[in-house]
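Observations on chain architecture
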Amino acid sequence: MNFSSIQTPSDKIAQELYQLVAQLYPICRSITGNGVRNTLKIISEYIPLSVHEVPTETQVFDWKVPKEWNIKDAYIKNSQGKKIVDFANSNLHVLNYSIPVHQKLSLPELKAHLFTLVDYPDWIPYRTSYYKETWGFCMSHNQYLELNDQEYEVFIDSSLEPGHLSYGEYYIPGDSTDEVLISCHTCHPSLCNDNLSGIAIATFIAKYLNQTTPRYSYRFLWIPGTIGSITWLALNEAKVNNIKHGLVLTCLGDSGNFTYKKSRRGDTEIDKIAAYVLRNSKQDYKIIDFFPYGYDERQYCSPGFNLAVGCLMRSPHGSFPEYHTSADDLNFVQPQYLAESFFQCRSILDILNNNHIYYNTNPKCEPQLGRRGLYQADNGAQDSRLNQMAILWVLNLSDGQHTLLDIAQRSGISFDVIKYAADTLLAHELLTSKKN
């Protein structure tokens with residue numbers, strides 16, 4: 001059964017995707033800790049997820065798995081005992097990975113630990129300190145301007161201790177042991193577009209793909225950014241050679257045009273399919289070349305692996321002002337955009353699943369189509385779905401050198417029409433998947 005044959009009403013998937021984003025939004029995630037585990041637990045309600053725990057100090061190439069970070073509470077109080085910053089109101093208020101602290105400070109001392117956005121004075125920035133032990137608070141710049149010269153109490157009830165890095169994995173066996181990798185990052189707190197949109201779409205792609213028998217096997221990863229992919233690659237080198245295609249999913253819930261970042265190789269099958277799908281989507285789009293910054297595609301495409309993994313986005317990271325701020329919230333992402341992204345991703349994977357190479361079993365001149373009921377005479381075709389030119393193009397280019405996508409692009413006929421023609425020719429034994 002083809003992936004695209006599963007009926008997925010747009011309104012239904014839009015609401016389901018958005019509901020999952022909303023459910024995950026309040027959780028304070030980081031590269032380790034209970035926030036990640038709680039997120040994976042919720043995802044496991046949709047698909048049978050395997051959760052892996054990698055101990056602190058595990059050597060993963062040039063890195064080590066860091067200490068585990070968890071947080072319960074944090075605030076800043078003024079001299080009257082009033083909370084002017086409260087972690088309970090937004091988990092972005094705390095510098096992610098802050099060490100515990102409880103002390104009183106003067107205003108100049110406090111300002112050395114504060115982060116704001118001057119250009120967007122109502123928004124709270126998202127900041128981290130994963131590999132340098134320090135502490136800090138993030139607040140709106142308007143809040144910052146209201147601070148006056150008095151004593152402040154700062155409190156962060158956190159822990160940074162030996163523990164584990166957690167990630168989720170889901171494997172769907174296909175007809176082939178060759179794999180498609182779908183990866184998203186789980187390390188951001190309450191940020192909807194840059195984090196939760198990718199998580200939600202990966203989850204529902206896995207859920208719906210599991211209802212099919214795919215051509216390839218699929219490996220889904222929900223991992224903390226950078227250190228997660230490095231850890232997975234280090235611990236699973238024996239499996240890496242099976243990965244033939246892949247997508248990193250991120251920033252897929254905003255209203256921006258679609259963007260596809262090509263793999264390091266730049267001319268892989270997944271690159272060509274993604275470009276084809278976006279070009280035929282009747283929406284504006286961008287195809288950008290690989291560069292060694294961004295999301296986990298830069299780890300999968302590092303020279304020692306050089307996997308065929310691209311990145312599917314709408315607005316790329318850093319290209320929208322809401323990026324890494326409190327404005328990347330449940331109003332910034334919308335159900336219809338999540339649904340559009342889901343269907344674009346599904347289209348890419350469906351073409352990948354069906355992009356076969358065939359051989360014409362009658363390569364010396366055209367076969368007689370009329371006696372097989374495949375010739376469109378003046379009185380009409382026996383099968384209205386058959387396109388005569390698609391039949392002829394498939395026959396002519398099925399020489400073991402061209403995929404169905406190659407034929408669709410060269411002929412200017414849609415992939416679905418080319419695929420139907422190929423299926424019909426297969427049924428009449430005019431094509432084979434093996435050389436005669």
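Residues numbered from 1 in each chain as written. Predicted model: local features only at pLDDT ≥ 70, side-chain atom pairs only at ≥ 80, totals over all residues. Heavy atoms only, no water.

Glancing now at the environment of histidine 402. Considering the arrangement of structural elements, one finds histidine 402 in strand E18 (residues 399-403). As for histidine 402 and asparagine 236, which are separated by 166 residues in sequence, their C-alpha atoms are 33 Å apart. When residues no more than four places from it in sequence are discounted, the contact partners of histidine 402 are His356, Ile357, Tyr358, Leu397, Ile407 and Arg410. Side-chain polar atoms of histidine 402 contact the backbone oxygen of leucine 397, separated by 3.3 Å. Among the polar contacts listed, one links the side chain of histidine 402 to the side chain of aspartate 399, at a separation of 2.9 Å. (Helix = DSSP H or I, 4+ residues; strand = E, 2+ residues; numbered from the N terminus. Contact = heavy atoms within 4.5 Å. Polar contact = N/O pair within 3.5 Å; in protein donor to acceptor, adjacent residues only side chain to side chain.)

Here we take up the sheet that holds strand E9 (residues 152-161). The strand order across the open sheet built from 4 strands is E5-E4-E9-E6, with neighbouring strands paired in antiparallel fashion. Each edge of the sheet is formed by a strand with only one pairing partner; in this case those strands are strand E5 (83-86) and strand E6 (101-105). Between one strand axis and the next, the sheet turns through 15 degrees on average, direction left out of account. Summarising the sheet, E6 and E9 pair through 5 bridges and their orientation is antiparallel. Opposite lysine 104, over in E9, you have glutamate 153 as the bridge partner. (Pairing = 2+ DSSP bridges. Axes fitted to C-alpha atoms, helices over the stretch in contact; angles between N-to-C directions.)

Ranked by size, the top nonpolar core spans 76 residues in total, and within it Ile182, Tyr218, Phe220, Trp222, Leu247 and Leu249 carry the most contacts. Broken down by element, the residue count for this core peaks at 11 residues, all from helix H5 (residues 192-209). Other than its neighbours up to four places away in sequence, leucine 249 contacts Ile182, Ser183, Cys184, Gly198, Ile201, Ala202, Leu312 and Cys345. Core analysis: the second largest hydrophobic core is formed by 50 residues, Trp69, Tyr152, Cys311 and Met313 among them. (Core = buried A, V, L, I, M, F, W, Y, C linked by side-chain atoms within 4.5 Å. Buried < 20%, exposed > 50% of the residue type's maximum accessible area, 1.4 Å probe, protein only.)

Moving on, we get to the pattern of salt bridges. Applying the stated rule across the entire model yields 11 salt bridges. With a closest N to O distance of 2.7 Å, lysine 12 and glutamate 16 form a salt bridge. Separated by 4 residues within a single helix, lysine 12 and glutamate 16 lie in helix H1 (residues 10-24), roughly one turn from each other. Across the pair aspartate 423 and lysine 419 runs a salt bridge whose closest N-O atoms are separated by 2.7 Å. One end of the pair, aspartate 423, and the other, lysine 419, are both in helix H13 (residues 415-427), 4 residues apart, so they sit about a helical turn from each other. Residue aspartate 423 is classed as partly exposed on the basis of its relative accessible area of 31%. (Salt bridge = Lys/Arg side-chain N within 4 Å of Asp/Glu carboxyl O.)

As a further point, take unusual backbone geometry. For histidine 324, which is not glycine, the phi dihedral falls at a positive 55 degrees. For histidine 324, the location among the structural elements is in the loop between strand E16 (309-313) and helix H10 (335-354). For histidine 324, a relative accessible area of 18% corresponds to the buried category.

Structurally, asparagine 354 is set in helix H10. Taking the C-alpha atoms as reference points, asparagine 354 and cysteine 301, 53 residues apart in sequence, are found 25 Å from one another.

So, about the packing of helix H12 (residues 404-411) against H13. For the pair H12 and H13, the least separation of the axes is 9 Å and the interaxial angle reads 120 degrees. Overall, the two elements H12 and H13 adopt an arrangement that is oblique. Classified by chirality, the crossing of H13 by H12 is right-handed. Judged by residue contacts, Leu404, Leu405, Ile407, Ala408 and Ser411 of H12 engage Phe415, Ile418, Lys419 and Ala422 from H13. Grouping the constituent residues of the contact of H12 with H13 by class yields 7 nonpolar, 1 polar and 1 charged. (Parallel < 35°, antiparallel > 145°, perpendicular 65-115°, else oblique. Left-handed = near helix turned anticlockwise from the far one by under 90°. Nonpolar A, V, L, I, M, F, W, Y, C, P; charged D, E, K, R; others polar.)

It is worth spelling out the sheet that holds strand E1 (residues 50-55) at this point. Taken together, the 8 strands give an open sheet; going across it, the order is E1-E10-E12-E11-E13-E16-E14-E15, and neighbouring strands pair in mixed fashion. With partners counted over all chains shown, the strands left at the sheet margins are E1 and strand E15 (285-288), one partner each. The average angle at which neighbouring strand axes cross in this sheet is 20 degrees, direction not considered. Contacting E1, strand E10 (164-172) and strand E12 (217-223), helix H2 (residues 34-43) runs over the sheet at an angle of about 20 degrees to E10. In the packing of H5 onto the sheet, the strands contacted are E10, strand E11 (179-185), E12 and strand E13 (243-249), and the crossing angle to E12 comes to about 150 degrees.

Note that strand E4 (residues 68-77) and E5 share 3 bridges and pair antiparallel. Note on E5: the bridge partner recorded for tyrosine 75 is aspartate 86. In this structure, the hairpin formed by E4 and E5 is closed by a connection of 5 residues, where glycine 81 is found at a positive phi of approximately 85 degrees.

On to the side chain of glutamate 16, then. Judged by relative accessible area, which is 16%, glutamate 16 ranks as buried. Those residues in contact with glutamate 16 that lie beyond four places of it in its chain are Phe204 and Tyr208.

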